[in-house]
Amino acid sequence: MNIQAYHFKTAQPIHNVPFHHNALLYVVKGEKHVFTPTEKTVIKAGELLIVMKGQCLNFTNQLDQHDYFAWQINFDGDLPENIQTLLQQSKRIKPTPSLVLSAPQKQLLCSV
């Protein structure tokens, strides 16, 4: 497992980003707009984007009033069991281009 922080002061359009690991992207400030040929999914501050290994995404990191900040946690194997449980309980799951999970922040801070 490794953790990366992304902090930008300008909008970042990024294309064809390959994911080589299962990943959780937690948006802290701003929004992540994920594009497919047929739809746009908006991941707002306080939401997780779950990306499965092998996906390739197009997205834009949109600022709030000042900046964009997100954490990305990459997993070498399967997602932790507690994250899989949250997925099953979530009311907002989108099957494409990946999964979006909205949950109270206290639930997202559980140990992995």
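Each chain carries its own residue numbering, running from 1 in the direction its sequence is written. A pLDDT threshold of at least 70 governs which residues receive local features in this predicted model, and a stricter bar of 80 or more applies before side-chain atom pairs are shown or counted, although totals over entire chains, interfaces and linings include all residues. Heavy atoms throughout the structure, all of them, feed into the side-chain values; hydrogens and water do not.

**Focus on the pairing of strand 5 (residues 40–44)**
Moving on, step 1. Any two strands with at least two DSSP-identified bridges between them are counted as paired. To qualify as a helix, a DSSP run of H or I must reach at least 4 residues; to qualify as a strand, a run of E must reach at least 2; elements of each kind are numbered from the N terminus. Two elements, strand 4 (residues 31–35) and strand 5, share five bridges in a ladder whose sense is antiparallel. Paired with phenylalanine 35 across the two strands is lysine 40, which belongs to strand 5.
Moving on, step 2. A loop of four residues connects strand 4 with strand 5, the two strands running antiparallel in sequence.

**Side note on the nonpolar core**
Considering soluble globular proteins, one finds that nonpolar side chains tend to be buried as a cluster.
Moving on, step 1. Ranked by size, the top nonpolar core spans twelve residues in total: Phe19, Ala23, Leu25, Val27, Val34, Ile43, Leu49, Val51, Leu57, Phe59, Tyr68 and Ala70.
Moving on, step 2. Counting only elements with at least two residues in this core, the list comes to strand 3 (22–29), strand 6 (47–51), strand 7 (56–62) and strand 8 (68–75).
Moving on, step 3. Core analysis: the second largest hydrophobic core is formed by eight residues, Tyr26, Leu48, Ile50 and Leu86 among them. We define the nonpolar core as a collection of buried residues of types Ala, Val, Leu, Ile, Met, Phe, Trp, Tyr and Cys that are connected through side-chain atoms lying within 4.5 Å of one another. Classification of residues uses two cut-offs on accessible area relative to the type maximum, computed with a 1.4 Å probe and protein chains only: under 20% is buried, over 50% is exposed, and between them is partly exposed.

**Observations concerning the packing of aromatic side chains**
Moving on, step 1. Only Phe, Tyr and Trp rings are paired, with Trp represented by its six-membered ring, and only when their centres lie within 6.5 Å; those with planes under 30 degrees apart are stacked, over 60 edge-to-face, the remainder tilted. Within this structure, the stated rule accounts for three aromatic pairs.
Moving on, step 2. Seen in terms of ring centroids, phenylalanine 8 and tyrosine 68 are 6.1 Å apart; in terms of plane orientation they differ by 25 degrees. Their pairing is stacked. Of the two residues, phenylalanine 8 sits in strand 1 (residues 2–8) while tyrosine 68 sits in strand 8, which places them 60 residues apart along the sequence.
Moving on, step 3. An aromatic cluster is present here, built from Tyr6, Phe8 and Tyr68 joined pairwise through their rings.

**Remarks on the sheet that holds strand 2 (residues 12–18)**
Moving on, step 1. One open sheet accounts for four strands, arranged 2-7-4-5; its pairing is antiparallel. Looking at strand neighbours, the two that pair on one side only are strand 2 and strand 5, the edges of this open sheet. If you compare each strand with its neighbour and ignore which way they point, the axes differ by 25 degrees on average.
Moving on, step 2. Here strand 4 pairs with strand 7 via five bridges, running antiparallel. In the sheet register, lysine 32 faces strand 7, and the bridge partner there is asparagine 61. Only the stretch in contact is used when a helix axis is fitted, and all axes are lines through C-alpha atoms; the angle between N-to-C directions ranges over 0 to 180 degrees.

**A look at the pattern of salt bridges**
Moving on, step 1. Any carboxyl oxygen of Asp or Glu within 4 Å of a side-chain nitrogen of Lys or Arg constitutes a salt bridge here. Under the defined criterion, the tally for this structure stands at three salt bridges.
Moving on, step 2. The partner of aspartate 67 in a salt bridge is lysine 9, with the nearest N and O atoms 3.9 Å apart. Note that aspartate 67 is positioned in the loop between strand 7 and strand 8 and lysine 9 in the loop between strand 1 and strand 2, a separation of 58 residues in sequence.
Moving on, step 3. On the accessibility criterion, aspartate 67 (6% relative accessible area) is buried.

**Side note on the side chain of aspartate 67**
Moving on, step 1. Within the structure, aspartate 67 has its side chain in polar contact with the side chain of lysine 29 (distance 2.8 Å).
Moving on, step 2. Leave out the neighbours within four places in its chain, and aspartate 67 touches His7, Phe8, Lys9, Lys29 and Gly30. The term polar contact refers here to a pair of N or O atoms within 3.5 Å; inside protein, the definition further demands a hydrogen-donor-capable atom paired with an acceptor-capable atom, and it admits residues adjacent in sequence only when both atoms are side-chain atoms. We call two residues in contact whenever any of their non-hydrogen atoms come within 4.5 Å of each other.

**Points about the pairing of strand 3**
Moving on, step 1. With six of its eight residues buried, strand 3 lies for the most part within the structure.
Moving on, step 2. Here strand 3 pairs with strand 8 via seven bridges, running antiparallel. Bridging from a neighbouring strand, lysine 29 pairs with phenylalanine 69 of strand 8.

Everything listed here is a matter of geometry and, on its own, says nothing about what the molecule does.
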